[in-house]
Amino acid sequence: MSNETRKQIIKSVVYGYTATEIAEIYGFDIDIISKLIADNEDEIERTKKYIKEMRG
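Residues numbered from 1 in each chain as written. Predicted model: local features only at pLDDT ≥ 70, side-chain atom pairs only at ≥ 80, totals over all residues. Heavy atoms only, no water.

Looking at the overall build of the chain
Let me state the cut-off plainly: Counting from the N terminus, the helices are the DSSP runs of H or I reaching at least four residues and the strands are the DSSP runs of E reaching at least two. Based on C-alpha atoms, the radius of gyration is set beside the globule rule, defined as 2.2 Å times the residue count to the power 0.38. Contacts are assigned to residue pairs that have any heavy atoms within 4.5 Å of one another. Each accessible area is a Shrake-Rupley result for a 1.4 Å probe, and residues are judged covered by the shown protein chains and nothing else. The charge count includes Lys and Arg as positive and Asp and Glu as negative, but it does not include His or the ends of the chains. In plain terms, the charge of a residue is placed at NZ if it is Lys, CZ if Arg, CG if Asp and CD if Glu.
Helices and strands together make up the secondary structure of the chain, namely four helices and zero strands. Against the globule reference of 10 Å for 56 residues, the chain gives a C-alpha radius of gyration of 11 Å, in line with a compact fold. In terms of overall dimensions, the chain has a C-alpha envelope of 35 × 20 × 20 Å along the principal axes. Partitioning the contacts of the chain with sequence separation of at least 6, the portion at a separation of at least 24 is 49%. In the structure as shown, the chain presents an accessible area of about 4,200 Å², 50% of it carried by carbon and sulfur atoms. Each charge sign in the chain was given a centre, from 9 positive and 11 negative side chains, and these centres are 8 Å apart.

Some thoughts on the side chain of Ser12
As a reminder of what qualifies: We call a residue buried when its accessible area falls under 20% of the maximum for its residue type, exposed when it is over 50%, and partly exposed in between, using a 1.4 Å probe and counting protein chains only.
Looking at the element boundaries, Ser12 is found in helix α1 (residues 3-14). By relative accessible area, Ser12 is classed as buried at 11%. For Ser12, the residues in contact, after removing those within four places along its chain, are Tyr17, Ile22 and Tyr26.

Things to note about a nonpolar patch on the surface
Heads up, the rule is: Each patch is built from salt-bridge-free residues with over 30% relative accessible area, joining like charges within 9 Å and nonpolar side chains (Val, Leu, Ile, Met, Phe, Trp, Tyr) within 5 Å. Salt bridges are defined by distance alone: a side-chain nitrogen of Lys or Arg within 4 Å of a carboxyl oxygen of Asp or Glu.
On the surface, a cluster of nonpolar side chains totalling about 350 Å² of accessible area is made up of Tyr15, Tyr17 and Ile25. Position of Tyr17 relative to the elements: it lies in the loop between α1 and α2 (19-26).

This is how it looks when you write it as structure tokens:
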């Protein structure tokens, strides 16, 4: 998986897509997506917080 794909998947999580939806969109196994989400949980939460703050 390329770094760009990883970024896009993380962005999809931030915008509310489920792991199942992301697996279907990108064609990866659900286990791979779930592990990627778990491994990047801090980054996802930081991004969600940032977006929330920017929206006011």
